[in-house]
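This is what each chain is made of:
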Amino acid sequence: MLEVANLSVAYGGIGAVHDVSFRVAPGRIVTIIGPNGAGKSTLLNAIMGVLPGRGTVRFQGTDLGARPIEDRVRAGMSLVPEKRELFGTMTVQDNLRLGGFRLRGQPDAPSLDTIYALFPRLAERSRQRAGTLSGGERQMLAMGRALMARPSLLMLDEPSLGLAPRIVQDIFATIARLRETGTAILLVEQNARAALRIADEGHVLEMGAITLSGDSAALEADGRIVEMYLGQGRSKEALLS
Ligand code: ATP
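Residues numbered from 1 in each chain as written. Predicted model: local features only at pLDDT ≥ 70, side-chain atom pairs only at ≥ 80, totals over all residues. Heavy atoms only, no water.

Engineer: Which residues make up the domain arrangement of the chain, and what are the values?
Structural biologist: Split into domains, the chain comes out as domain 1 (2-76 + 151-239) and domain 2 (86-150). When each unit is reduced to the centre of its C-alpha atoms, the spacing between domain 1 and domain 2 is 24 Å. Taken together, the 14 residues of domain 1 in the interface contact 12 residues of domain 2. Carbon and sulfur atoms make up 77% of the surface buried where domain 1 meets domain 2, a total of about 1100 Å² over both sides. Along the contact surface separating domain 1 from domain 2 lie 0 salt bridges. Every element with two or more residues in the side of domain 1 that touches domain 2 is listed here: helix 2 (69-75), strand 7 (153-157) and helix 7 (165-179). Among the elements that take part in the side of domain 1 that touches domain 2, helix 7 stands out by supplying 6 residues, more than any other. The residue inventory of the side of domain 1 that touches domain 2, partitioned by class, reads 10 nonpolar, 2 polar and 2 charged. (Domains from an automatic or database assignment. Contact = heavy atoms within 4.5 Å. Buried area = accessible area lost by both parts, 1.4 Å probe. Salt bridge = Lys/Arg side-chain N within 4 Å of Asp/Glu carboxyl O. Helix = DSSP H or I, 4+ residues; strand = E, 2+ residues; numbered from the N terminus. Nonpolar A, V, L, I, M, F, W, Y, C, P; charged D, E, K, R; others polar.)

Engineer: Please set out the sheet that holds strand 1 (residues 2-11) residue by residue, giving values where relevant.
Structural biologist: To summarise the sheet geometry, strands pair through backbone hydrogen bonds and adopt either a parallel or an antiparallel arrangement. With respect to topology, 4 strands assemble into an open sheet ordered 2-1-4-5, the strand pairing being antiparallel. Sheet topology places strand 2 (14-24) and strand 5 (62-63) at the edges, where each strand pairs with a single neighbour. Taken together, the 5 bridges between strand 1 and strand 4 (residues 54-59) define a ladder with antiparallel strand orientation. Residue pairing across strands places Leu2 opposite Phe59, the latter belonging to strand 4. On top of the sheet, helix 1 (residues 40-48) reaches strand 1, strand 2 and strand 4; it is set at about 115° to strand 1, its chief contact. (Pairing = 2+ DSSP bridges. Axes fitted to C-alpha atoms, helices over the stretch in contact; angles between N-to-C directions.)

Printed below as a string of C-alpha coordinates:
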(Lines give C-alpha, C1' and ligand atoms only; values in the text may rest on other atoms or scores of the structure.)
Protein backbone atom coordinates (compact mmCIF):
# COMPACT_ATOMS: atom_id res chain seq x y z
CA MET A 1 0.00 0.00 0.00
CA LEU A 2 2.61 2.57 1.14
CA GLU A 3 6.31 2.29 0.49
CA VAL A 4 8.60 5.00 1.77
CA ALA A 5 12.19 4.70 0.59
CA ASN A 6 15.18 6.83 1.58
CA LEU A 7 12.99 9.78 2.52
CA SER A 8 14.82 12.85 3.84
CA VAL A 9 13.32 16.19 4.87
CA ALA A 10 15.11 19.41 5.81
CA TYR A 11 14.02 22.79 7.18
CA GLY A 12 16.14 25.50 5.56
CA GLY A 13 19.08 23.17 5.06
CA ILE A 14 18.85 21.59 8.52
CA GLY A 15 17.94 17.91 8.24
CA ALA A 16 14.96 16.71 10.32
CA VAL A 17 14.35 13.29 8.69
CA HIS A 18 17.24 11.20 7.31
CA ASP A 19 16.97 8.39 4.82
CA VAL A 20 13.84 6.79 6.28
CA SER A 21 12.46 3.62 4.66
CA PHE A 22 9.49 1.44 5.68
CA ARG A 23 6.26 -0.06 4.32
CA VAL A 24 2.64 -0.28 5.38
CA ALA A 25 0.45 -3.10 4.00
CA PRO A 26 -3.37 -3.08 3.79
CA GLY A 27 -5.08 -4.04 7.04
CA ARG A 28 -1.90 -3.46 9.05
CA ILE A 29 -1.04 -0.94 11.74
CA VAL A 30 2.51 0.35 11.61
CA THR A 31 3.65 2.67 14.36
CA ILE A 32 6.53 5.12 14.43
CA ILE A 33 7.47 5.83 18.02
CA GLY A 34 10.05 8.25 19.27
CA PRO A 35 10.64 11.14 21.65
CA ASN A 36 9.73 14.81 21.22
CA GLY A 37 11.40 16.40 18.24
CA ALA A 38 12.47 13.08 16.68
CA GLY A 39 10.90 14.08 13.36
CA LYS A 40 7.65 12.10 13.55
CA SER A 41 5.33 14.93 12.43
CA THR A 42 7.82 16.01 9.78
CA LEU A 43 7.83 12.47 8.38
CA LEU A 44 4.01 12.27 8.18
CA ASN A 45 3.78 15.73 6.64
CA ALA A 46 6.30 14.77 3.96
CA ILE A 47 4.38 11.57 3.14
CA MET A 48 1.18 13.63 2.86
CA GLY A 49 2.92 16.24 0.68
CA VAL A 50 2.50 19.08 3.18
CA LEU A 51 6.32 19.36 3.27
CA PRO A 52 8.71 18.65 0.41
CA GLY A 53 11.02 15.68 0.86
CA ARG A 54 13.74 13.83 -1.04
CA GLY A 55 13.27 10.15 -1.70
CA THR A 56 10.39 7.92 -2.74
CA VAL A 57 6.80 7.87 -1.51
CA ARG A 58 5.10 5.11 -3.46
CA PHE A 59 1.41 4.55 -2.83
CA GLN A 60 -0.54 1.69 -4.39
CA GLY A 61 2.20 1.34 -6.98
CA THR A 62 2.41 5.01 -7.98
CA ASP A 63 5.28 7.31 -7.07
CA LEU A 64 3.62 10.32 -5.43
CA GLY A 65 6.91 12.00 -4.54
CA ALA A 66 6.40 15.14 -6.60
CA ARG A 67 2.58 15.23 -6.47
CA PRO A 68 0.62 17.83 -4.49
CA ILE A 69 -1.52 17.06 -1.44
CA GLU A 70 -4.77 16.92 -3.41
CA ASP A 71 -3.44 14.09 -5.60
CA ARG A 72 -2.50 12.17 -2.49
CA VAL A 73 -5.97 12.66 -0.98
CA ARG A 74 -7.52 11.54 -4.27
CA ALA A 75 -5.27 8.46 -4.24
CA GLY A 76 -6.63 7.53 -0.79
CA MET A 77 -4.31 9.09 1.81
CA SER A 78 -5.72 10.90 4.81
CA LEU A 79 -3.87 12.60 7.69
CA VAL A 80 -5.24 13.36 11.15
CA PRO A 81 -2.90 16.17 12.23
CA GLU A 82 -1.44 16.48 15.71
CA LYS A 83 -3.36 19.69 16.41
CA ARG A 84 -6.57 18.16 15.00
CA GLU A 85 -7.28 21.41 13.09
CA LEU A 86 -11.05 21.38 13.28
CA PHE A 87 -13.32 24.26 12.28
CA GLY A 88 -14.22 25.38 15.81
CA THR A 89 -17.24 27.54 14.97
CA MET A 90 -18.80 24.85 12.78
CA THR A 91 -20.89 21.99 14.13
CA VAL A 92 -19.68 18.43 14.46
CA GLN A 93 -21.81 17.30 11.52
CA ASP A 94 -20.57 20.12 9.29
CA ASN A 95 -16.93 19.30 10.10
CA LEU A 96 -17.70 15.70 9.10
CA ARG A 97 -19.46 16.78 5.91
CA LEU A 98 -16.37 18.79 4.94
CA GLY A 99 -14.30 15.62 5.27
CA GLY A 100 -16.62 13.92 2.79
CA PHE A 101 -16.84 16.87 0.39
CA ARG A 102 -14.77 15.24 -2.34
CA LEU A 103 -17.02 12.16 -2.45
CA ARG A 104 -20.34 14.04 -2.23
CA GLY A 105 -23.12 12.51 -4.31
CA GLN A 106 -21.19 9.29 -4.92
CA PRO A 107 -23.15 6.16 -4.02
CA ASP A 108 -20.33 4.68 -1.94
CA ALA A 109 -19.56 7.89 -0.01
CA PRO A 110 -19.50 7.21 3.76
CA SER A 111 -22.56 8.51 5.57
CA LEU A 112 -22.51 10.45 8.83
CA ASP A 113 -24.16 7.38 10.36
CA THR A 114 -21.08 5.26 9.54
CA ILE A 115 -18.97 7.67 11.57
CA TYR A 116 -21.56 7.90 14.37
CA ALA A 117 -21.55 4.09 14.62
CA LEU A 118 -17.80 4.25 15.19
CA PHE A 119 -18.01 7.21 17.59
CA PRO A 120 -21.47 7.29 19.24
CA ARG A 121 -20.37 10.35 21.25
CA LEU A 122 -20.22 12.36 18.02
CA ALA A 123 -23.85 11.47 17.27
CA GLU A 124 -24.87 12.95 20.64
CA ARG A 125 -22.86 16.08 19.86
CA SER A 126 -23.72 16.36 16.15
CA ARG A 127 -25.19 19.88 16.37
CA GLN A 128 -22.64 21.18 18.86
CA ARG A 129 -19.85 23.47 17.72
CA ALA A 130 -16.52 21.67 17.38
CA GLY A 131 -14.79 24.35 19.48
CA THR A 132 -16.85 23.36 22.53
CA LEU A 133 -15.90 19.66 22.47
CA SER A 134 -13.63 17.94 24.99
CA GLY A 135 -10.12 16.88 23.91
CA GLY A 136 -11.19 13.26 23.39
CA GLU A 137 -14.24 14.28 21.37
CA ARG A 138 -12.08 16.54 19.20
CA GLN A 139 -9.76 13.64 18.45
CA MET A 140 -12.79 11.50 17.55
CA LEU A 141 -14.08 14.25 15.27
CA ALA A 142 -10.68 14.70 13.60
CA MET A 143 -10.59 10.95 12.93
CA GLY A 144 -14.20 10.91 11.78
CA ARG A 145 -13.54 13.77 9.38
CA ALA A 146 -10.53 11.95 7.91
CA LEU A 147 -12.58 8.75 7.53
CA MET A 148 -15.31 10.62 5.63
CA ALA A 149 -12.80 10.77 2.75
CA ARG A 150 -12.81 6.94 2.73
CA PRO A 151 -9.02 6.63 2.93
CA SER A 152 -7.16 3.42 2.18
CA LEU A 153 -4.25 4.79 4.25
CA LEU A 154 -5.05 6.64 7.47
CA MET A 155 -2.15 8.49 9.08
CA LEU A 156 -2.54 9.59 12.69
CA ASP A 157 -0.20 12.09 14.34
CA GLU A 158 -0.12 11.54 18.12
CA PRO A 159 -3.81 10.76 18.66
CA SER A 160 -3.17 10.30 22.41
CA LEU A 161 -1.76 13.83 22.86
CA GLY A 162 -3.29 15.58 25.87
CA LEU A 163 -5.91 12.91 26.52
CA ALA A 164 -6.72 11.04 29.74
CA PRO A 165 -5.60 7.37 29.78
CA ARG A 166 -9.19 6.04 29.63
CA ILE A 167 -9.95 8.13 26.54
CA VAL A 168 -6.66 7.02 24.96
CA GLN A 169 -7.80 3.40 25.45
CA ASP A 170 -11.11 4.11 23.66
CA ILE A 171 -9.43 5.91 20.78
CA PHE A 172 -6.85 3.15 20.34
CA ALA A 173 -9.54 0.45 20.47
CA THR A 174 -11.28 2.25 17.60
CA ILE A 175 -8.02 2.47 15.63
CA ALA A 176 -7.58 -1.30 16.10
CA ARG A 177 -11.14 -1.88 14.79
CA LEU A 178 -10.42 0.21 11.69
CA ARG A 179 -7.69 -2.23 10.71
CA GLU A 180 -10.39 -4.89 10.23
CA THR A 181 -11.90 -2.83 7.40
CA GLY A 182 -8.64 -3.32 5.45
CA THR A 183 -7.51 0.27 6.01
CA ALA A 184 -3.75 0.61 6.31
CA ILE A 185 -2.82 2.67 9.37
CA LEU A 186 0.35 4.63 10.06
CA LEU A 187 0.35 5.73 13.68
CA VAL A 188 2.91 8.19 15.03
CA GLU A 189 3.12 8.22 18.83
CA GLN A 190 5.14 9.22 21.86
CA ASN A 191 2.98 6.86 23.92
CA ALA A 192 5.05 3.82 22.95
CA ARG A 193 3.24 1.18 24.96
CA ALA A 194 -0.27 2.12 23.79
CA ALA A 195 0.92 2.27 20.18
CA LEU A 196 2.87 -1.01 20.24
CA ARG A 197 -0.08 -2.81 21.82
CA ILE A 198 -2.32 -2.23 18.83
CA ALA A 199 0.33 -2.15 16.09
CA ASP A 200 1.58 -5.05 14.01
CA GLU A 201 5.00 -3.51 13.39
CA GLY A 202 6.92 -0.62 14.82
CA HIS A 203 9.89 1.61 14.06
CA VAL A 204 11.77 3.77 16.52
CA LEU A 205 12.63 7.22 15.17
CA GLU A 206 15.43 9.12 16.86
CA MET A 207 16.89 12.39 15.65
CA GLY A 208 15.23 11.84 12.29
CA ALA A 209 16.50 8.32 11.62
CA ILE A 210 15.03 4.87 12.20
CA THR A 211 17.19 3.16 14.79
CA LEU A 212 15.17 0.02 15.51
CA SER A 213 12.41 -1.85 13.66
CA GLY A 214 10.44 -5.00 14.23
CA ASP A 215 7.37 -6.84 15.20
CA SER A 216 5.52 -4.73 17.77
CA ALA A 217 5.42 -7.43 20.48
CA ALA A 218 9.17 -7.94 20.15
CA LEU A 219 9.77 -4.18 20.31
CA GLU A 220 7.64 -3.82 23.43
CA ALA A 221 9.79 -6.44 25.13
CA ASP A 222 13.07 -4.94 23.85
CA GLY A 223 15.14 -3.39 26.60
CA ARG A 224 16.91 -1.14 24.07
CA ILE A 225 13.72 0.91 23.63
CA VAL A 226 13.70 1.69 27.32
CA GLU A 227 17.41 2.52 27.19
CA MET A 228 16.93 4.87 24.26
CA TYR A 229 14.24 6.78 26.06
CA LEU A 230 16.23 6.79 29.26
CA GLY A 231 18.96 8.35 27.18
CA GLN A 232 16.53 11.17 26.44
CA GLY A 233 16.03 11.75 30.16
CA ARG A 234 12.79 9.78 30.31
CA SER A 235 11.99 7.16 32.92
CA LYS A 236 10.92 3.66 32.03
CA GLU A 237 7.62 4.39 33.75
CA ALA A 238 7.02 7.48 31.60
CA LEU A 239 7.76 5.59 28.40
CA LEU A 240 5.71 2.53 29.16
CA SER A 241 2.80 4.17 30.97
P1 ATP B 1 6.73 16.36 18.55
O2 ATP B 1 6.14 15.13 19.07
O3 ATP B 1 7.27 17.27 19.61
O4 ATP B 1 5.89 17.08 17.52
P5 ATP B 1 8.19 15.18 16.40
O6 ATP B 1 8.88 13.88 16.58
O7 ATP B 1 6.90 15.17 15.69
O8 ATP B 1 8.04 15.87 17.80
P9 ATP B 1 8.98 17.22 14.55
O10 ATP B 1 7.91 18.15 15.00
O11 ATP B 1 8.82 16.54 13.25
O12 ATP B 1 9.23 16.11 15.66
O13 ATP B 1 10.36 18.00 14.58
C14 ATP B 1 11.59 17.42 14.12
C15 ATP B 1 12.69 18.46 14.13
O16 ATP B 1 12.42 19.46 13.14
C17 ATP B 1 12.83 19.19 15.44
O18 ATP B 1 14.20 19.43 15.67
C19 ATP B 1 12.09 20.50 15.21
O20 ATP B 1 12.62 21.53 16.00
C21 ATP B 1 12.35 20.75 13.74
N22 ATP B 1 11.25 21.48 13.13
C23 ATP B 1 9.93 21.12 13.14
N24 ATP B 1 9.18 22.01 12.46
C25 ATP B 1 10.05 22.97 12.00
C26 ATP B 1 9.90 24.17 11.22
N27 ATP B 1 8.70 24.55 10.77
N28 ATP B 1 11.00 24.89 10.97
C29 ATP B 1 12.23 24.51 11.42
N30 ATP B 1 12.42 23.38 12.14
C31 ATP B 1 11.37 22.62 12.44
